[in-house]
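Structural characterization, general
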Amino acid sequence: MSISLSSLILLPIWINMAQIQQGGPDEKEKTTALKDLLSRIDLDELMKKDEPPLDFPDTLEGFEYAFNEKGQLRHIKTGEPFVFNYREDLHRWNQKRYEALGEVDATESEPKSFIFMSEDALTNPQKLMVLIHGSGVVRAGQWARRLIINEDLDSGTQIPFIKRAVAEGYGVIVLNPNENYIEVEKPKIHVQSSSDSSDEPAEKRERKDKVSKETKKRRDFYEKYRNPQREKEMMQLYIRMIQREADVKNKVTAVALTDSVHNVWHQEAGKTIREWMRENCCNWVSSSEPLDTSVESMLPDCPRVSAGTDRHELTSWKSFPSIFKFFTEASEAKTSSLKPAVTRRSHRIKHEEL
């Protein structure tokens, strides 16, 4: 049996129940009856009583939001960021609206990027490794073009990481974060010529059109001479991004960084993010110290250890064995229900252990 009561009715029930509890033993039966009544109240139905229907749009335009040229989600009319508390005192409805917005997928005409995944990336029940390269010209699956060209694929690409991850039972996703926009040709704006005036004689209009065409031809020739690689006028359309802090903190066991140039202050990372990073991240930085030697940091983000090389582009390759050891320890700690602090690498690790 499901009973739905308004808050106005529920409040007197609690008051009466408190008064009854102050009474003698004779009131115990009434107290038991009230407890039984309250235990059968459907709180979900109670919350839904004055709630609007959960009927939300399935497009960003329907929510009146769009991504600007910087890839930021903003309200179409006000230009403000997303507002969670759209309706006051309706937390459940606001949460459902938020979830519905998060489910909106890219439209056919919206700019898109791509990633690489192993066959079991979305179905592996145990562990998943996500590989993210640094900023710059590198693309998905690359660490450093200089190493690929001048050294070899092992040191310059993510191939060794992918092979070992698959061998150790990981699902693998290779992200492509440097492809943040696509380039498309700018639409040509046709300006109506003043020579189209019907008041002018046809001979005069033809003469003006001829001069205009010759001027445009000279201008195009000069532009092509000045910049021969640029055949067309291009514009950038940014690919929208998604931020899911809660999902990352709940599902990610460990994060290995290699000579990362991130800054928790510039990126406005909150206290909870900084604490999570200190407990779950480790940054192998370029240093002349032996591999895994603790390196002092001025920023309160995550432990820093030496990558065993002072060359930035080699840090991922040189710290390769340590990173997998770090992941193994973090995974075992989580499986054993130990505190996340045991995965920290702020202490010095002897190189011989590797």
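The structure contained in this document is the topic of the report that follows. Sequence positions are assigned chain by chain, starting from 1 and proceeding in written order. Totals for whole chains, interfaces and linings use all residues, but because this is a predicted model, local features are given only for residues with pLDDT of at least 70 and pairs of side-chain atoms are given and counted only at 80 or more. Side-chain descriptors were evaluated using all non-hydrogen atoms of the structure, hydrogens and water having been removed beforehand.

Focus: helix α13 (residues 320-335)
- Along its 16 residues, α13 runs 23 Å from first to last C-alpha, staying within 8% of the 22 Å computed at 1.5 Å per residue.
- Here the term buried applies to any residue with accessible area under 20% of the maximum for its type, exposed to any over 50%, and partly exposed to those in between, with areas from a 1.4 Å probe on protein chains only. Secondary structure elements are taken from DSSP: a helix is a run of H or I of four residues or more, a strand is a run of E of two residues or more, and numbering for both begins at the N terminus. Phe-320, Ser-322, Ile-323, Phe-324, Phe-326, Phe-327, Ala-330 and Ala-333 are the residues of α13 that are buried.
- Any two residues having at least one pair of non-hydrogen atoms within 4.5 Å are treated as being in contact. In the core, the buried residues of α13 are packed alongside β4 (128-131), α8 (159-167), β8 (255-258), α11 (271-280), β9 (281-285) and α12 (315-318). By definition here, a helix of n residues has an expected span of 1.5 Å times n minus one.

A word on the packing of aromatic side chains
- The aromatic pairing rule takes the rings of Phe, Tyr and Trp, using the six-membered ring of Trp, and pairs them if the centres are within 6.5 Å, calling planes under 30 degrees apart stacked, those over 60 edge-to-face and the rest tilted. By the definition in use, this model includes 14 aromatic pairs.
- For the ring pair Phe-82 and Tyr-98, a centre distance of 6.0 Å and an interplane angle of 45° mean the geometry is tilted. Taken together, the residues span a long stretch of sequence, with Phe-82 in the loop between β2 (73-75) and α5 (91-102) and Tyr-98 in helix α5 at a distance of 16 residues.
- In this structure Phe-82 comes out as partly exposed when scored by relative accessible area, which is 22%.
- Judged by its relative accessible area of 38%, Tyr-98 falls in the partly exposed class.
- Geometrically, the ring pair formed by Phe-320 and Phe-324 is edge-to-face, given 5.2 Å between the ring centres and 70° between the ring planes. Remark: Phe-324 and Phe-320 occur in helix α13; sequence separation between them is four residues, near one turn of the helix. With respect to burial, Phe-320 and Phe-324 carry one shared label: buried.
- Connected via pairs of aromatic rings, a cluster forms that spans Trp-143, Phe-161, Trp-284, Trp-317, Phe-320, Phe-324, Phe-326 and Phe-327.
- Look at NZ for Lys and CZ for Arg. If either is within 6 Å of the ring centre and within 35 degrees of the ring normal, a charge sits over the ring. Over the face of the ring belonging to Tyr-86 we find Arg-97, whose NZ or CZ atom lies 4.2 Å from the ring centre.
- Positioned above the aromatic ring of Tyr-170 is the side chain of Lys-127, whose terminal nitrogen or guanidinium carbon lies 4.4 Å from the ring centre.

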